[in-house]
Amino acid sequence: MRKSLIRLFVFCGTFLLALVAISKIMNKDHDNLTMEMAPATLPLVTMVMDGIEYNQLHGVANTTDIAFQRDTITLLGETRNTGFVVDTYGQDVSGVSIEVRTIDGERLIEDTEIGELTREGDQIKGDIALKDLIEKDKEYALVIVLHLEGRQVSYYTRVLWSDRVYGEEKLSFCIDFHEKLYDREAARDLAIYLETNSKLEDNSSFHKVNIHSSFRQITWGNLDVEQVGEFSIRLTEIAEQTASLRANYIVSTAEGNRTTWYLVEDFYRLRYTVDRMYLLDYERTMTQIPDAEQICANDKILLGITGVDVPMLESDDGNVVVFQAANRLFSYNSSSNSLVKIFSFYDKENGDARTMYAGHAIKALAVDEGGSVQFAVYGYMNRGRHEGEVGVQLYTYNGSQNTIEELVYIPYDKTYAVLAAQMEQLLYLNREQQLYLVLDHVLYGVDLTEKTYSKLLEITQDEGLLISDNNRIAVWADGEDIYDNTALYIRNLGNDVQKTISVPEGESIRPLGFMGEDVIYGVAYTEDIREESSGGMFFPMYKICIRSASGELLKEYSQQDIYVTDCTITDNQITLERVRRLESGIYQEDVQDHIMNNVEEDEGRNHIVSADIDKYERYVEIQTRKDIDNKSLKIMTPKEVVYEGGRRLLLPREKEKEIRYYVYGAYGVNGIFVSPAQAVELAYADAGVVVSEQGDYVWLRGNRLPRNQIMAIKEASATDERGPLAVCIDAMLGLRGISRNTQEELNQGKNAVRILQENLHEDIVLDLTGCSLDAVLYFVNRDIPVLALLEDGSGVLLVGFNETSVGIMNPQTGTIYRMGMNDAKNWFEENGNQFITYRES
């Protein structure tokens, strides 16, 4: 009996020990293998010009394409010098070296160790003096390399050696403007720079304040704001007259014992003259940082001073709502009455300039009824295992375990600005864990479970892939030329079902856009499609169709002798641009027509509301489906699951066949185009710049001289043997030292674009059809003639301008003469604004 009891106790003890061991193993992933995100470790580098600190640079730890590193431009002094400061944050910096490269990064010009460094606590100060190997008024790439323990980290900026851009004056103006806004009396000096207009700005919110806002609004109204920390300003573009600058800082307001903090970003666009400075544009964006302890009240989540376009996603039953606020991702679960701070690079313990850096974005991709969330972080990684890299990081938040875990990491070799423009086009995850994204103009499908990818489509045209607003539906055509397509593919990324819409022989199909998830496309007879003299295509669609994503035909629009040439989609209305074909076969412009959609979008169970709250003005809130019990509200911050091995997925980078044009606006890349005309049009509207893949300027706005004349272009007359168009093309080629019989090439059926492309081998020919006269005069300002094609098949050259007129070389009259600016504008518009020019290599 005693032996039996002993055996029983031994058995029970062994069993209990086994249970403990098994429990530890089972819970290993949940407790022992979780940790806080690692803090930021990389130093910061700030450039210095005559005592002014600007251009705070963040370390890049992965391989990068230098041609796209254009977030800042640093000005060099008379002796090609600039100062810099390194904030080490306790890191051991053993040395500093620099590289100077051509703007595309291809050619190394200088590689130098910086000898004299001054160390003061956690700061290192030094001076960079470039060798006499660079040209004045030409941009170069500067790489500052910090030598840390066991690794090197690079910091990138463009540099410009010039005595004509007045950089110090422009920087000082912005700093002074900013400081005066805190003192309403001192700020009265700024009134002359404002363009207050209540029709353009209703002054209802502090979230967005601009040059058209009232003086009261721009000086913070009745908010008692106080700046917290430094005013970090950076120079993004500069020319002889104009400059663009951005600044980031934090302000706070106090209400009793409660302090509220706000992220603020300023944008300035200036023009310098010898008489005064002009403020061309100003915008201030103020975003409240929500306090998780006080964010909920009754049936509201209080976001405060922010935009009404809050990124938000909810579960199917509406019990879980995921939302973003001030570069942080939150979720609220009404079933468990819990608020989760899912992801942010900054928090109370990690709140310096490195973690607060807004060089990334967060996007919620999926949420389920249990509170689990899948999301992406893309751009520059402020801290963590990928600190200093640019890429796309896919995470899952486990609602039952309160952990986040990386699923896959896709590194990228360009900047956040370029990456963001593509992620905004498409970044979608379906229930089968298939991720879809566009990267370097390729549509990829990524299997998150298997960590594999497939290449679905190479995008070769600007309209080569269209995506619905909710990212669920993709549509593309089958041909390489978008104007010669026999089939359309509609793919539902939500369920991976693909439908094909075919047209009979003799017809071509063109996708136009979406209304919700319904696809809009047009069909033309191939015999009606023609190449215009500029090289563009005339694509008259005899019918417009609307189909559901499942392929069901919902509506067909067609009228006798009426053809649609284009359409725009705004909210629930499609506007059709139409022409009428006359008996002679000529197309004549006709009135617009409209197609309406009366289906209203479901707002969801949780939705955005706003209220006017005295001195805070518009206050943004999420109205939840249920009341929130503040007393029992659980506030949680997940830890990150640690894993062995890597989850890095490399997507291939192939050299593209097409030249791409990048449009940079106030806050980054506004668009990427194959068509230079579309790029210039957007940059003109946004007061931005167009840049090539090699980092060279193609076009910029606002730096035109009052007058210019291309003196090398002489008067020339058309003859029976050589028509006006040939005379113009010959003059363009002759300016580049090329002599050809272009009339013979025109007789062979070649158009102007093709002839120029075949002869200007070192230059890039730009078809700018559709751009305004004002936009194309940029090239005349740079002594590059612009060919203007006329409807009768002839052409003229733009060779000069002043403030009131345009200089035109007209081979039909054999003269160079002046035409009034408005008359010229109307004349060229009547002829379709068919402009062709080139960018010198």
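Residues numbered from 1 in each chain as written. Predicted model: local features only at pLDDT ≥ 70, side-chain atom pairs only at ≥ 80, totals over all residues. Heavy atoms only, no water.

1. Observations concerning helix 6 (residues 676–686)
The test is simple: Each residue is assigned to one of three classes by its accessible area relative to the maximum for its type, calculated with a 1.4 Å probe on protein chains only: buried under 20%, partly exposed between the two thresholds, exposed over 50%. Only DSSP runs of H or I with at least four residues qualify as helices, and only runs of E with at least two residues qualify as strands; both kinds are numbered from the N terminus onward. Directions pointing from the helix axis toward each C-beta atom define the arc. Note on contacts: a residue pair qualifies if any of its non-hydrogen atoms lie within 4.5 Å across the two residues. Counted as a polar contact is a pair of N or O atoms within 3.5 Å, where, for protein atoms, one must be capable of donating a hydrogen and the other of accepting one, and residues adjacent in sequence contribute only when both atoms are in side chains.
For helix 6, the complete set of buried residues consists of Pro 676, Ala 677, Ala 679, Val 680 and Ala 683. In a view along the axis of helix 6, the buried residues occupy a sector of 160°, so they form one face of it. Those residues of helix 6 that are buried lie in contact with strand 48 (661–665), strand 49 (668–673), strand 50 (689–692), strand 51 (697–700), strand 53 (764–767) and helix 10 (773–781). Its side-chain oxygen 3.3 Å from the backbone nitrogen of Ala 677, Ser 675 forms the N-cap of helix 6. Just beyond helix 6, the residue with positive phi is Ala 687, at close to 55°.

2. Points about unusual backbone geometry
Positive phi outside glycine occurs at Asp 440, with the angle close to 50°. With respect to the helices and strands, Asp 440 occurs in the loop between strand 28 (434–439) and strand 29 (442–447). Taking the relative accessible area as the measure of exposure, Asp 440 reaches 12% and is therefore buried. In this structure, Asp 496 is a non-glycine residue whose phi angle is positive, near 60°. Mapped onto the elements, Asp 496 comes out in the loop between strand 33 (487–492) and strand 34 (497–502). Residue Asp 496 is classed as partly exposed on the basis of its relative accessible area of 29%.

3. A word on the pattern of salt bridges
Counted only if it meets this: One side-chain nitrogen of Lys or Arg within 4 Å of one carboxyl oxygen of Asp or Glu is enough to make a salt bridge.
Inspection of every chain in the model, using the stated rule, returns 46 salt bridges. The salt bridge involving Arg 354 is made with Asp 352; its shortest N-O contact spans 2.9 Å. For Arg 354, a relative accessible area of 9% gives the class buried. Asp 413 is paired through a salt bridge with Lys 414; the nearest N and O atoms lie 3.7 Å apart. With relative accessibility at 9%, the residue Lys 414 sits in the buried group. Each of Arg 70, Glu 139, Arg 158 and Glu 237 takes part in one network of salt bridges that share partners.

4. Some points on the nonpolar core
Generally speaking, a soluble globular protein has its nonpolar side chains buried in company with each other. Defined as follows: Take the buried residues of types Ala, Val, Leu, Ile, Met, Phe, Trp, Tyr and Cys, join any two whose side-chain atoms come within 4.5 Å, and each joined set is a nonpolar core.
Residues Ile 144, Phe 177, Leu 773, Leu 787 and Leu 798 are the most contacted members of the largest nonpolar core, which totals 169 residues. Ignoring any residue separated from it by four or fewer positions in sequence, one finds Leu 798 in contact with Ile 710, Leu 773, Val 776, Leu 777, Val 780, Pro 785, Val 786, Val 806, Gly 807, Ile 808, Phe 828 and Phe 835. Counting 20 residues, the second largest nonpolar core, distinct from the first, contains Val 519, Tyr 521, Phe 538 and Tyr 563.

5. Points about the sheet that holds strand 39 (residues 543–547)
Note the threshold: Any two strands with at least two DSSP-identified bridges between them are counted as paired. Helix axes use the C-alpha atoms of the stretch in contact, all axes being lines fitted to C-alpha atoms, and the angles between their N-to-C directions lie in the range 0 to 180 degrees.
As summarised here, the arrangement of the 4 strands in space is 35-36-39-40, forming an open sheet in which the pairing is antiparallel. Looking at which strands have only one partner, the edges of the open sheet turn out to be strand 35 (507–515) and strand 40 (553–557). The mean angle between the axes of side-by-side strands here comes to 20°, regardless of whether they run parallel or antiparallel. In this structure, strand 35 lies alongside strand 36 (residues 518–525), joined through 8 bridges in antiparallel fashion. Along strand 36, the bridge assignment pairs Ile 509 with Val 523.

6. Re the side chain of Gln 433
Tracing the backbone shows Gln 433 in the loop between strand 27 (427–429) and strand 28. Within the structure, Gln 433 has its side chain in polar contact with the side chain of Gln 374 (distance 2.6 Å). Apart from residues no more than four positions distant in its own chain, Gln 433 is found in contact with Gln 374, Leu 407, Val 446, Asp 447, Leu 448 and Thr 449.

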